[in-house]
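Okay, here's what each chain looks like letter by letter:
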Amino acid sequence: MNTKIIKSKPLIKQPKINVITLGCSKNIYDSEVLMGQLRGNNLNVVHESDKMGKDDIVVINTCGFIDNAKQESIDTILQFSDLKAAGKIGKVVVTGCLSERYKPELESEITNVDAFFGTNDLQNILHELGANYKHELIGERLLTTPSHFAYFKIAEGCNRPCSFCAIPLMRGKHLSKPMEELVNEAKILAKNGTKELILIAQDLTYYGLDLYGVRKLDELMRRLSDVPGIEWIRLQYAYPSGFPMEILDAMNERDNICKYLDMPLQHITDNMLKSMRRGTTKQKTIDLVNQIRDKVPTIAMRTTLICGYPGETEYDFQEMKEWVAETKFDRLGCFTYSHEEKTHAHTLIDDVPDEVKQQRVDDIMEIQQGISFDINQEKVGKTFKVLVDKKEGEFFIGRTEFDSPEVDNEVLINAYTGYAANGSFVNVKIDRAEDFDLYGQIV
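Residues numbered from 1 in each chain as written. Predicted model: local features only at pLDDT ≥ 70, side-chain atom pairs only at ≥ 80, totals over all residues. Heavy atoms only, no water.

1. Brief notes about the overall build of the chain
No. 1: Secondary structure summary: the chain contains 13 helices and 18 strands in total.
No. 2: The C-alpha atoms of the chain give a radius of gyration of 24 Å, which matches the 22 Å a tight globule of 443 residues would have.
No. 3: A principal-axis box enclosing the C-alpha atoms of the chain has dimensions of 95 × 55 × 45 Å.
No. 4: Sorting the 443 residues of the chain into buried and exposed places 52% on the buried side.
No. 5: Counted over contacts in the chain with a minimum sequence separation of 6, partners at least 24 positions apart contribute 74%.
No. 6: Accessible surface for the chain amounts to roughly 20,400 Å². Of this, 50% is attributable to carbon and sulfur atoms.
No. 7: Within the chain, one finds 54 positive and 68 negative side-chain charges whose respective centroids are separated by 7 Å. (Helix = DSSP H or I, 4+ residues; strand = E, 2+ residues; numbered from the N terminus. Rg over C-alpha atoms; globule rule 2.2 N^0.38 Å. Buried < 20%, exposed > 50% of the residue type's maximum accessible area, 1.4 Å probe, protein only. Contact = heavy atoms within 4.5 Å. Areas by Shrake-Rupley, 256 points an atom, 1.4 Å probe, with all protein chains shown as cover. Lys, Arg positive; Asp, Glu negative; His and termini not counted. Charge placed at Lys NZ, Arg CZ, Asp CG, Glu CD.)

Quick look at the structure:
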């Protein structure tokens, strides 16, 4: 009796789609939405995996904000373009701000990238990757952050005319997301274990004007605050001109809205603010900061500044230094000016030498280091509610409500004297403080 042996066909391994994210938290959000759609189409999607096969696809979500970010994006595209040329990966797709801003140039210079897409091309990217956009997945994301916190984009684009900024060129005009859609997204996140929402947009405080005719950030904050499971709501990227003071009432009313505000002010002298087209003055800025602190006395304020903007004199810089020393922001970042084509400031002469720009940044950050040290010393002996992000070595590392991930202070908890699970809240008594770190014990 002859037995016929039937050979089974080898299983065809589905190629991975490896998403690489460069740039800011808004790009992180966009990558997470893309990955959620790909997963919803039953595709094998990963984020920034080191393991790649010859049939795998790389999607690079680029940043085109300033020179350093653009260079990082170009280097990353070239890296994976070379891997494709060597037969080590199958396909390279580029999206994001750099691709939006320089698509024709990129297509002509880097020819073996399979496709370039802009910032609002989600459906086209999905089609390129063999997927369909699914409306039922609105609000669904594949988080790349720890599950207990999520960046939460409430609007796209920007209507502000800031002279130095290329964001409107890459992201378009301000477009608020409908409130119901945002509340639904928050409920999905909370159901999956997210406890902290970090509200982001190019300009949070403009939220609602385009959709409802009035600013509605305060109402959105309250609606999100009502979502069961959301224990912290944090505001990033508030604009000073036209600042809606009513959001501070919401902050005071709700325990789960963090006493925290990120408000990039960029400069303080009247001639710099005017040239930057910021729509405010030195005195208005000082008054606003004072009003915010009067209304929410325990608030932690973060700001960012630019050094070396065209025409910035030594006098301008000294005035900014004095203001930083007097104002004592809880958190502060400082950057050198980047001369961006097609912005209004690009018509000016980039007349501050690079080494002077960097020295000014260093001087500001040295002042801020001392301010941060003094503020932290005042916390020694006090107990704070801390959200634990991770464990590294002998420490659990977390944050107070006054700190955003990646950019602000951290609380280091001795892992030998207490236990804290990632994503849990613990009360920590601070027993030691440095410039940008607090050390404490669980109580």
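2. A closer look at the pairing of strand β17 (residues 425-433)
No. 1: As defined by bridge partners, strand β14 (residues 383-392) adjoins β17 across 5 bridges and the pair is classed as antiparallel. By the bridge assignment for β17, Thr383 is matched with Lys429.
No. 2: Where β17 and strand β18 (residues 437-442) come together, 5 bridges link them in antiparallel fashion. The residue of β18 that forms the bridge with Ile430 is Gly440.
No. 3: Linkage of β17 to β18, two consecutive antiparallel strands, is achieved through a turn of 3 residues. (Pairing = 2+ DSSP bridges.)

3. Here we look at the UniProt feature "domain: Radical SAM core" (unreviewed entry) in the chain
No. 1: Summarizing the sequence annotation, UniProt attributes the feature "domain: Radical SAM core" (unreviewed entry) to residues 144-374 in the numbering used throughout.
No. 2: Across residues 144-374, the secondary structure splits into 41% helix and 16% strand, with the terminal C-alpha atoms separated by 34 Å. (UniProt positions renumbered as here; feature names shortened; annotations may be inferred.)

4. Notes on the packing of aromatic side chains
No. 1: Scanning the model with the defined rule gives 7 aromatic pairs in all.
No. 2: Relative to Phe329, the ring of Trp323 lies with its centre 5.4 Å away and its plane at 70°, an arrangement referred to as edge-to-face.
No. 3: Looking at Trp323, the relative accessible area reads 3%, which means it is buried.
No. 4: Taken together, a centroid distance of 5.6 Å and an interplanar angle of 90° make the contact between Phe396 and Tyr419 edge-to-face. Of the two residues, Phe396 sits in strand β15 (residues 395-399) while Tyr419 sits in the loop between β16 (410-414) and β17, which places them 23 residues apart along the sequence.
No. 5: Positioned above the aromatic ring of Tyr212, the side-chain terminus of Lys216 is 5.4 Å from the ring centre.
No. 6: Above the face of the Tyr439 ring, Arg432 is positioned so that its terminal group lies 3.9 Å from the ring centre. (Phe/Tyr/Trp six-rings, centres within 6.5 Å; stacked < 30°, edge-to-face > 60°. Lys NZ or Arg CZ within 6 Å of the ring centre and 35° of its normal.)

5. What to know about helix α2 (residues 67-85)
No. 1: Helix length check: α2 (19 residues) gives 27 Å between terminal C-alpha atoms against 27 Å at 1.5 Å per residue, within 8%.
No. 2: Taken residue by residue, α2 has Ala69, Lys70, Ser73, Thr76, Ile77, Phe80 and Ser81 as its buried positions. Across the axial projection of α2, the buried residues extend over an arc of 135°, all falling on one side. Of the exposed residues in α2, the ones pointing more than 90 degrees away from its buried face are Asn68, Asp82 and Ala85.
No. 3: On its buried face, α2 is in contact with β1 (16-21), β3 (57-62), β4 (91-96) and α3 (97-109). (Expected span 1.5 Å × (residues − 1). Arc of directions from axis to C-beta.)

6. Considering the pairing of strand β6 (residues 149-153)
No. 1: In terms of residue burial, β6 counts as a mostly covered element, since 5 of its 5 residues are buried.
No. 2: Burial along β6 is two-sided: Phe149, Tyr151 and Lys153 and Ala150 and Phe152, pointing in opposite directions, are all buried.
No. 3: Pairing analysis gives 5 bridges linking β6 to strand β9 (residues 196-200), with the strands arranged parallel. Bridge assignment links Lys153 to a residue of β9, and that residue is Ile200.

7. As for the side chain of Thr21
No. 1: By secondary structure assignment, the location of Thr21 is in strand β1.
No. 2: In this structure Thr21 comes out as buried when scored by relative accessible area, which is 13%.
No. 3: There is a polar contact of 2.8 Å between the side chain of Thr21 and the side chain of His47.
No. 4: Not counting residues within four places of it along the chain, the set of residues in contact with Thr21 comprises Asn27, Ile28, Ser31, His47, Glu48 and Asn61. (Polar contact = N/O pair within 3.5 Å; in protein donor to acceptor, adjacent residues only side chain to side chain.)

8. As for helix α1 (residues 25-40)
No. 1: Helix length check: α1, at 16 residues, gives a terminal C-alpha distance of 22 Å against a target of 22 Å (1.5 Å per residue), a fit within 8%.
No. 2: The buried fraction of α1 is high, at 12 of 16 residues.
No. 3: Phi for Asn42, located one or two positions after α1, is positive at around 65°.

9. A word on the sheet that holds strand β13 (residues 331-336)
No. 1: Strand order in the open sheet formed by 6 strands is β6-β9-β10-β11-β12-β13, and the pairing between neighbours is parallel. Of all strands in the sheet, those with a lone pairing partner are β6 and β13, marking the two edges. Sheet twist, expressed as the average angle between the axes of neighbouring strands with direction ignored, equals 20°.
No. 2: With 6 bridges joining them, strand β12 (residues 300-307) and β13 adopt parallel strand pairing. Within β13, the residue paired with Leu305 across the bridge is Cys334.
No. 3: Where α1 meets the sheet, it contacts β6 and β9, and its direction lies at approximately 95° from that of β6.
No. 4: Sitting on the sheet, helix α8 (residues 217-225) is in contact with β6, β9, β10 (232-235) and β11 (257-262), with an inclination near 160° to β10. (Axes fitted to C-alpha atoms, helices over the stretch in contact; angles between N-to-C directions.)

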